[in-house]
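Structural characterization, general
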Amino acid sequence: MLYELDIAKKYLIPRLRYLSMSLISLLSVLVISLVVWLAVVFFSAKEGMEKTWTEKLITLTAPLRVFPKDAYYETYYYLIDGHSEQSGYSYKTLKEKLESEKTDPYNPFRDPALPLNFPKKRGSKDFVKELYKGLQAIPHTQLSLYNTASVTTTVKTADRVLTQPSYLLSFDPHTPHFDKVLIESIEKKGSGFPVFLPKSFLDTGVKLGDSGSFSYFLIAPSSVKEQHARFYVQGFYDPGIIPIGGKLVLAPEELVNLIQGASKSDKSFLPSGFNVRFSNYNDAANMQKKVEEMLEEKGLTAFFSVERYDQYDFTKDLFLQFKSEKNLFSLISLIIIIVACSNIISMLVILVHDKRKEIAIIRALGGTKKSVAFIFGFCGFMMGAIGSMIGSILAFFTVKNLPAILHFISKLQGFDVLSVAFFGTVIPNEIHTSALIFVLIATGLTSTLAGSIAAIKAVQANISDTLRAE
Amino acid sequence: MTYLLKAEHVSKTFYAPYPLPILQDISLTVQKEESIAIIGKSGEGKTTLLHILGLIEPATKGTIFFSGKEQTTPNTLRNEHIGFVFQNFHLLQDFSVLDNLLLPIAINRKSTKRGSSHFQRAESLLERVDLEHRVDFPVQKLSGGEKQRLAIARALINDPEIIMADEPTGNLDHATAQNIQSLLLECVKEEKKALLLVTHNEDFASLLGKQYKLEEGKLINIA
């Protein structure tokens, strides 16, 4: 073993003979342990919750969505259906476009003449089919169409009737990981379409199997008629962080298409597009790049947008907030770690003062300044490392038992520590590796830096003066 | 005969709080296996001179040559070619007798493992200074005489050419001091080392081959 390590080891072991120094040393390690513990638990809990929220979000949506831009709705390709008898003089949804046999249904002999300002036809390219083919060609992805519709939901419970404006989202209950958002469901089939209501309905007394109806308006050239579609509650789900989650009803695709088709009169459709799913949502940026390249290659960039789950209009601010909170807490952690490590400086400066004679002896016997600096730098690093290790072990046990700890605190204070409505019922119980690495590196660097300050002081000592002073 | 150590026109002035010349234009040559004593009153600068000659402290003026070369690597020289014995022993308190003895070897990055040649030398030196029964003893539990015997063994461990001793008997009672004097002189003779001793003990100094007196910053050859 290097003699420097041997000497540092002796200095690190608390001794009764050096009581005050030992106490400061133990206190420094304790403070670092507490900081590491706090930071790792906070980051792990935060990351765990964010992961749960993200997983819920991408279960209900997708890690990537491709949808038409405004420019798409101004193309000949889209608008021509409104002037074509073959399309029933009505604009087509993406699904209808995908299923239509003709790219251009306009018949100049049967259909009315197009207005002078009508967009010019740009070749015979079928935008939606081209897009679909392009998306299909990207490996390891799963595609589905999503549609939304605006309705008024009425649910009949045992003792009352609830009515509220809602949005329907086309949804397949066989979507991967649906169990992550599903609260409860039944197999039984009632009359009408099976739907999944957000958990806010559950809180207002709606039960599984309750029936209700969606009302919407059928817009015809001569009149507007109110229509009803019956449904029964097949289940309840947790909408997670989707801001309009309390109003978002998951309904079969055919129902959403039906309502959307009936309501459409112009280009002001509610959002619709393609969900692009893949196994690891952390790969979203890479997949987004691939889709963008495909759009560019097919000349579709002007007509379709591709967005990641953290770029959706309704989640963007929230994810930025998550990021901001993490950055802020990282900064706070770093400041606390620096404060904790300043204890190491105090302790090591006392140690250097106390061991100045030994430093002089080592130097007189041929020890280099580098060796002396290494001894004290290593002491600083080891104190940080020991503190980090204790803190990490504490954090591991805390995070593993977080639900029990939170339950205990909730019992003590008489209300939930973390609101179920906001944080959900699943409490994270896994150490977040990146957080642990961040804290360990920050502590390691700061404590080594603290050790270096003492090391500089140690090497500046005058050997001759010290040896003579004794 | 080739000289081992040569000091040429060495001067030393301390500047705090005002310039205080301690050593003035000192020249000294130490030959191989030669023993030299420097005597002088307290405060005359004997320790300062020894520290300058041992490259622990820089001189204000003058040059130190070792084996014909001006010295630029004092750490290596102190470790490999000079053995120090100090008045206050200067041992590492939290270490054992053996750890202290092997420290110069460890500093020199050589093996101190049991069975290595250096370990064997450490064992034989401990036997020579009559400390073989104290191998794993904590240093702070040793008597003053034992500490100085250990310091002599430590000075010899790296097989240096010269031993520099600063009042090696200054902190010991008369009987122990006599023992240490004998031990130091015997060891130096047996190991064929040069000895540079600074002391105020004229009797001890008289046992060495040459004596110098340090007075008012000047080194005077007295025998």
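Before any of the text, the structure's been laid out above.
Report on the accompanying structure. (Residues numbered from 1 in each chain as written. Chains lettered and ligands numbered in written order. Predicted model: local features only at pLDDT ≥ 70, side-chain atom pairs only at ≥ 80, totals over all residues. Heavy atoms only, no water.)

Of the regular secondary structure elements, chain B holds seven helices and 10 strands. The C-alpha radius of gyration computed for chain B amounts to 17 Å, which stays within 12% of the reference 17 Å derived for 223 residues, consistent with globular compactness. Seen through its principal axes, chain B has C-alpha atoms that stretch 50 × 40 × 40 Å. Among the 223 residues that make up chain B, the fraction classed as buried is 54%. Residue pairs at least 24 apart in sequence account for 70% of intrachain contacts in chain B once pairs closer than 6 positions are excluded. When the accessible surface of chain B is summed, it comes to about 9,900 Å², and 47% of that surface belongs to carbon and sulfur atoms. Distance between charge centres in chain B, computed from 25 positive and 28 negative side chains, equals 4 Å. (Helix = DSSP H or I, 4+ residues; strand = E, 2+ residues; numbered from the N terminus. Rg over C-alpha atoms; globule rule 2.2 N^0.38 Å. Buried < 20%, exposed > 50% of the residue type's maximum accessible area, 1.4 Å probe, protein only. Contact = heavy atoms within 4.5 Å. Areas by Shrake-Rupley, 256 points an atom, 1.4 Å probe, with all protein chains shown as cover. Lys, Arg positive; Asp, Glu negative; His and termini not counted. Charge placed at Lys NZ, Arg CZ, Asp CG, Glu CD.)

The next subject is the sheet that holds strand E5 (residues 69-70) of chain B. Residue and element names in this part refer to chain B. If you trace the four strands from one edge of the open sheet to the other, you get E2-E1-E4-E5, paired in antiparallel fashion. Each edge of the open sheet is held by one strand with a lone partner, namely strand E2 (20-31) and E5. Bridge count for strand E1 (residues 3-14) against strand E4 (residues 61-66) is five bridges, and the pairing is antiparallel. Along E4, the bridge assignment pairs Glu 8 with Thr 63. Together, E1, E2 and E4 form the strand contacts of helix H1 (residues 46-53), whose direction differs from that of E1 by roughly 130°. (Pairing = 2+ DSSP bridges. Axes fitted to C-alpha atoms, helices over the stretch in contact; angles between N-to-C directions.)

Residue and element names in this part refer to chain A. By volume, the largest pocket amounts to about 810 Å³. Lining the largest pocket are 30 residues, with Glu 47, Glu 50, Lys 51, Thr 54 and Tyr 281 positioned closest to its centre. If you list the elements that add at least two residues to the lining of the largest pocket, you get helix H2 (19-60) and helix H9 (316-354). Element by element, the count of residues in the lining of the largest pocket is highest for H2, at nine residues. Broken down by class, the residue content of the lining of the largest pocket amounts to nine nonpolar, nine polar and 12 charged. (1 Å grid on protein atoms, 1.4 Å probe; cavity = no way out; pocket = protein on both sides within 12 Å on 5 of 7 lines; lining within 4 Å. Points joined across faces, edges and corners; volume = space filled by probe spheres on them. Nonpolar A, V, L, I, M, F, W, Y, C, P; charged D, E, K, R; others polar.)

Interfaces are often sized by the amount of accessible area the parts lose when they come together. The interface is formed by 26 residues belonging to chain B together with 26 residues belonging to chain A. Taking both partners together, chain B and chain A bury about 2,300 Å²; carbon and sulfur atoms supply 57% of that area. Counting across the interface, chain B meets chain A through three salt bridges. Salt-bridge contacts for B:Glu57 lead to A:Arg468; the nearest nitrogen and oxygen are separated by 3.3 Å. Linking chain B to chain A there are 14 residue pairs in polar contact (both at pLDDT 80 or more). (Buried area = accessible area lost by both parts, 1.4 Å probe. Salt bridge = Lys/Arg side-chain N within 4 Å of Asp/Glu carboxyl O. Polar contact = N/O pair within 3.5 Å; in protein donor to acceptor, adjacent residues only side chain to side chain.)

Residues and elements named next belong to chain A. Among the nine residues in helix H10 (residues 356-364), eight count as buried, and that is most of the element. The set of residues buried in H10 consists of Lys 357, Glu 358, Ile 359, Ala 360, Ile 361, Ile 362, Arg 363 and Ala 364. Directly after H10, the chain includes Gly 366, whose backbone phi takes a positive value near 110°.

Glancing now at the packing of helix H3 (residues 97-107) of chain B against helix H4 (residues 117-128) of chain B. Residues and elements named next belong to chain B. Between H3 and H4, the least distance of the axes is 10 Å, while the angle of their chain directions is 130°. Classed by the angle they form, the pair H3 and H4 counts as oblique. The chirality of how H3 crosses H4 is right-handed. Facing Val 97, Leu 98, Leu 101, Leu 102 and Ile 105 of H3, the residues of H4 in contact are His 118, Phe 119, Ala 122 and Leu 126. The residue inventory of the contact of H3 with H4, partitioned by class, reads eight nonpolar, one polar and no charged. (Parallel < 35°, antiparallel > 145°, perpendicular 65-115°, else oblique. Left-handed = near helix turned anticlockwise from the far one by under 90°.)

Let us now look at the side chain of B:Asn158. All names here are of chain B. Along the chain, Asn 158 turns up in the loop between helix H5 (144-156) and strand E7 (162-166). With relative accessibility at 12%, the residue Asn 158 sits in the buried group. Only 3.3 Å separates the side chain of Asn 158 from the backbone oxygen of Pro 104, close enough to count as a polar contact. With near-sequence residues (within four places) excluded, Asn 158 lies in contact with Asn 79, Glu 80, Pro 104, Ile 105 and Asn 108.

What follows deals with the pairing of E1(B). Residue and element names in this part refer to chain B. The sheet contact formed by E1 and E2 spans eight bridges and is antiparallel. Across the sheet, the residue bridging to Tyr 3 is Gln 31, located in E2. Linkage of E1 to E2, two consecutive antiparallel strands, is achieved through a turn of five residues.

Looking at where B:Gln140 falls in the secondary structure, it is placed in the loop between H4 and H5. Between the C-alpha atoms of B:Gln140 and B:Glu33, which are 107 residues apart in sequence, the distance is 33 Å. Excluding its chain neighbours within four sequence positions, the residues that come into contact with B:Gln140 are A:Arg17, B:Gln93, B:Asp94 and B:Lys147.

All names here are of chain A. With respect to the element layout, Lys 298 can be found in helix H8 (residues 284-298). Under the relative-accessibility criterion, Lys 298 is labelled partly exposed at 24%. Distance from Lys 298 to Asn 401, taken between C-alpha atoms, is 52 Å for residues 103 residues apart in sequence. Filtering out sequence-adjacent residues up to four positions away, Lys 298 remains in contact with Lys 125, Glu 130 and Gly 134.

Now for the packing of H5(B) against helix H6 (residues 174-190) of chain B. The geometry of a pair of packed helices is captured by two quantities: the angle between their axes and the separation between those axes. Residues and elements named next belong to chain B. H6 packs onto H5 with a crossing angle of 10° between their chain directions and a minimal axis gap of 10 Å. Classified by the angle their axes make, H5 and H6 are roughly parallel. Viewed along their axes, H5 and H6 form a crossing whose handedness is right-handed. The segment H5 lies against H6, with Gly 145, Gln 148, Arg 149, Ile 152 and Leu 156 engaging Thr 176, Ile 180, Leu 183, Leu 184 and Cys 187. Residues of the contact of H5 with H6, tallied by class, amount to six nonpolar, three polar and one charged.

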